[in-house]
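# Topology and contacts: notes
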Amino acid sequence: MKLIAQIAGRFSILIATACLIVALIWSILFARRFTRPIEQMNKRAVQMASLDFSQKVEVESNDEIGLLGNSLNQLSEALSGALDELSRRNRSLQDQIDAERRLDKMRQGFVANVSHELKTPMTTIGGYIDGILDGTIPPEKS
């Protein structure tokens with residue numbers, strides 16, 4: 001009877017060990033089923049933080065993790081569209097700034113030319129007035 005008890009004890013230990021190994025393997029596989037999509041979403045989120053919206057999360061389920069993946073894809077599309085719109089507006093603003101700078105240069109050139117063109121006759125008129133005032137040039141009689 002003692003022998004049967006020893007065999008039963010060893011058998012129980014063997015069965016418990018086998019069950020523990022099977023449970024451990026099952027736990028690892030079950031955990032991987034949940035962690036793999038989360039790791040993929042994390043990788044996509046890091047890419048999005050670097051403004052790379054080219055990749056999408058592959059959604060394989062309709063549970064909460066799948067909904068999160070769909071939300072991440074929608075966020076990626078919205079951010080990509082907003083970034084494209086901002087880039088387009090930035091180019092438009094840069095074009096407007098460049099046009100304003102060209103106009104300002106043209107205005108400065110115009111003012112410089114007008115100033116130069118007015119200086120010559122004003123200098124001549126000033127010279128005649130100085131000559132008339134100091135008596136070098138007699139005033140004309142009409």
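Up top is the structure these notes are about.
Per-chain numbering applies: the sequence of each chain, read as written, is numbered from 1 onward. Local features are withheld for residues below a pLDDT of 70 in this predicted model, meaning they are given only at 70 or higher, and side-chain atom pairs are given and counted only at 80 or more; totals for whole chains, interfaces and linings count all residues. Side-chain metrics rest on all non-hydrogen atoms present in the structure, leaving aside hydrogens and water.

Let us now look at unusual backbone geometry. Here L51, not a glycine, exhibits a phi torsion of approximately 65°, which is positive. With respect to the helices and strands, L51 occurs in the loop between α1 (2-49) and α2 (64-134). Accessible area is worked out with a 1.4 Å probe on protein chains only. A residue is then buried under 20% of its type maximum, exposed over 50%, and partly exposed in between. We classify L51 as exposed; its relative accessible area is 54%. Starting at the N terminus, helices and strands are each numbered in turn, a helix being any DSSP run of H or I of at least four residues and a strand any DSSP run of E of at least two.

Take the pattern of salt bridges next. For this analysis, a salt bridge means a side-chain nitrogen from Lys or Arg found within 4 Å of a carboxyl oxygen belonging to Asp or Glu. Taken as a whole and assessed by the stated rule, the structure comprises four salt bridges. R32 is the salt-bridge partner of E39, the closest N and O atoms lying 3.5 Å from each other. On the basis of relative accessible area, E39 is assigned to the partly exposed category, the value being 43%. The exposure class assigned to R32 is partly exposed, which follows from its relative accessible area of 33%.

Our next topic: the environment of S87. Residue position: S87 is located in helix α2. Residues S87 and D63, 24 residues apart in the sequence, show an inter-C-alpha distance of 36 Å.

Buried Ala, Val, Leu, Ile, Met, Phe, Trp, Tyr and Cys residues that are joined via side-chain atoms within 4.5 Å together make up what is termed a nonpolar core. Membership of the largest hydrophobic core is limited to six residues, which are M41, M48, F53, V57, I65 and L72. Going through the elements one at a time, α1 and α2 are the ones with two or more residues in this core. What makes two residues a contact is simply this: any of their non-hydrogen atoms within 4.5 Å. Those residues in contact with I65 that lie beyond four places of it in its chain are F34, P37, I38 and M41.

Tracing the backbone through its elements, the reader meets N73 in helix α2. Since its relative accessible area comes to 13%, N73 is described here as buried. Nitrogen and oxygen atoms within 3.5 Å of one another constitute a polar contact, given that in protein one can donate a hydrogen and the other can accept it, and given that sequence-neighbouring residues count only through two side-chain atoms. A polar side-chain atom of N73 sits 2.7 Å from the main-chain amide nitrogen of V57. Contact partners of N73, with chain neighbours within four places excluded, come to K56, V57 and V59.

Helix length check: α1 (48 residues) gives 68 Å between terminal C-alpha atoms against 70 Å at 1.5 Å per residue, within 8%. In the structure, α1 departs most strongly from a straight axis at R33, where the bend amounts to approximately 30° and where the proline P37 lies between one and four residues downstream. If you check which residues of α1 are buried, you get Q40, M41, R44 and M48. Given a helix with a known number of residues, its expected span is that number minus one, times 1.5 Å. Think of it this way: the bend at a residue is just the angle between two axes, each fitted to seven residues, one set ending at that residue and the other starting at it.

Now for the packing of aromatic side chains. Only rings of Phe, Tyr and Trp enter the pairing, Trp through its six-membered ring, and a pair is recorded when the two centres are within 6.5 Å. The plane angle decides the type: under 30 degrees is stacked, over 60 is edge-to-face, the rest tilted. Throughout the structure, instances matching the rule amount to two aromatic pairs. Plain terms: the ring middles of F30 and F34 are 5.1 Å apart, the flat faces sit at 75° to each other, and that makes the pair edge-to-face. On the criterion of helical spacing, the pair formed by F30 and F34 is a turn pair, its members being four residues apart in helix α1. Among the aromatic residues, ring-to-ring pairing joins W26, F30 and F34 into one connected group. Above the face of the F34 ring, R33 is positioned so that its terminal group lies 5.8 Å from the ring centre. Only Lys NZ and Arg CZ are tested; either one counts as a charge over a ring when it is within 6 Å of the ring centre and within 35 degrees of the ring normal.

Turning to the packing of α1 against α2, a few remarks are in order. Running from amino to carboxyl end, α1 crosses α2 at an angle of 10°, the nearest separation of the two axes being 10 Å. Relative to α2, α1 is oriented roughly parallel. The way α1 lies across α2 gives a crossing that is left-handed. Between α1 and α2, the residues in contact are F34, P37, I38, M41, R44 and M48 and I65, L68, G69, L72, L75, S76 and L79, respectively. Here the nonpolar group is Ala, Val, Leu, Ile, Met, Phe, Trp, Tyr, Cys and Pro; Asp, Glu, Lys and Arg are the charged ones; every other residue, Gly included, is treated as polar. Classifying every residue of the contact of α1 with α2 by side-chain character gives 10 nonpolar, two polar and one charged. Lines fitted to C-alpha atoms define the axes, with helix axes restricted to the stretch in contact, and inter-axis angles between N-to-C directions lie between 0 and 180 degrees. Here the word oblique covers every angle except those under 35 degrees (roughly parallel), over 145 (roughly antiparallel) and from 65 to 115 (roughly perpendicular). Left-handed describes a crossing whose near helix is turned anticlockwise from the far helix through less than a right angle; right-handed describes the clockwise counterpart.

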